[in-house]
Each structure stands twice: as C-alpha cells, then as structure tokens.
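Observations on the model geometry
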Amino acid sequence: AQGEAKSICFASVSGGTGASTLAVSASKYLAAKGKKVLYFSLDDFADPGLYFSGEGTECLSDIIFALKSKKANWHLKLKSIVRRDESGVYFFAQAHTDLDMRELNGEDKKTLINELVSSGDYDYVVLDSRLSLDKELLNLYNEFSSIVLVCDGTDVSVSKLKRAYGSIQIIS
C-alpha cells in the first residue's frame, strides 16, 4: 500500500445493531480482495480478539502509553504492535484494561487515525465506533472518507438514527 488509505467508519447510535459485525465483515471482504486492511475499534470495551487472532505480546495499551508520553517515535509502535489475522486483516489486540481507552482524548484519537491513514501501510483503515454527537467524535468523523451509519430496522434503532441524523444536519 502506498499513499493515503481510504478510511471507513462504521457507527451506530444503538447497541446490538451489527455495526461491529459489518466493520469486521467489510475488513475481511476487502482483505480477501487483496487489499491491505487495518481494523480498528475506538469502543471502550472493544475486543478485536473476538473476531481476529494473531501473534504478538503487545497491545493497544502500549500504543496509548507511547502516544500519551509524547515519545517522538510513538508511530513506530504502530508497526511493531499490529497483528495479522489469517484472513489478512491487520488489527491491534485489545487494551490491557478498558480504562486505558478512556485515556485517549479527541486530539489523541485524531492523531492516531491520521497516522494510520497516512502511513502508507494500508489500503483501507476500517473504524468500528459508536455514533456520538460529542465534539471530539464529530471532529474525528471529518477525517473519514466514508461513514456507514448502521441501523437494525427496529423502531427504537430507526428513531435514534433519525434523531442523530437530524442533529448532524443541524451541526453541519
């Protein structure tokens, strides 16, 4: 992969709608088509190990620590920690504790996503995230080539999605 990766964010306003399943499936599909794909989740309780497996001892907590400590070579950690599933999808193992994810502020997330997208290491970066109207996540969504809003068709999910979409239109 050379140049900037295409970035796709899969997001849902309701839990249990299948956003993670779609993000994982899209990642595996693109990898099967010969694309170099990184799956990344910003969910506090994410466990990519439920979908992928790969060799390695370090995890997302190590990236968070390197980023937060402002080490000049923190981006090199991304290359050394990433794991590869047998499907061809690249991913980071879950953080040691879910609280580690809470250490990332909006600017940290933006820096991390920008580094992954601009590194030239991937054709696609697929983000699995919740949809939120908080300023930090709204700013992060602007970094993506595409955003896929996921809804399971239930009345509750459709209602929440309509309200969120209406709010996003007002903010935009």
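Now for a quick tour of the structure. (Residues numbered from 1 in each chain as written. Predicted model: local features only at pLDDT ≥ 70, side-chain atom pairs only at ≥ 80, totals over all residues. Heavy atoms only, no water.)

A word on the side chain of Ser-7
Here Ser-7 lies in strand β1 (residues 6-12). A distance of 3.5 Å separates a polar atom in the side chain of Ser-7 from the backbone oxygen of Glu-143. (Helix = DSSP H or I, 4+ residues; strand = E, 2+ residues; numbered from the N terminus. Polar contact = N/O pair within 3.5 Å; in protein donor to acceptor, adjacent residues only side chain to side chain.)

Considerations on the environment of Lys-160
Assignment of secondary structure puts Lys-160 in helix α7 (residues 155-171). Looking at Lys-160, the relative accessible area reads 38%, which means it is partly exposed. Once the C-alpha coordinates of Lys-160 and Ser-14 are considered, the two residues, 146 residues apart in sequence, prove to be 7.2 Å apart. Setting aside its immediate chain neighbours within four residues, Lys-160 contacts Val-13 and Ser-14. (Buried < 20%, exposed > 50% of the residue type's maximum accessible area, 1.4 Å probe, protein only. Contact = heavy atoms within 4.5 Å.)

Thoughts on the pairing of β1
Counting buried positions along β1 gives six out of seven residues, so the element sits mostly inside the fold. In the sheet, β1 pairs with strand β5 (residues 124-130) via seven bridges, with the strands oriented parallel. Within β5, the residue paired with Ile-8 across the bridge is Val-126. Bridge count for β1 against strand β6 (residues 146-150) is five bridges, and the pairing is parallel. Following the sheet pairing, Cys-9 is matched in β6 by Ile-147. (Pairing = 2+ DSSP bridges.)

Re helix α3 (residues 74-81)
Spacing of three or four residues puts side chains on the same side of an α-helix, whose turn is 3.6 residues. Along α3, the residues classified as buried are Trp-74, Leu-78 and Ile-81. All buried residues of α3 lie within an arc of 90° about the axis, which places them on one face of the element. (Arc of directions from axis to C-beta.)

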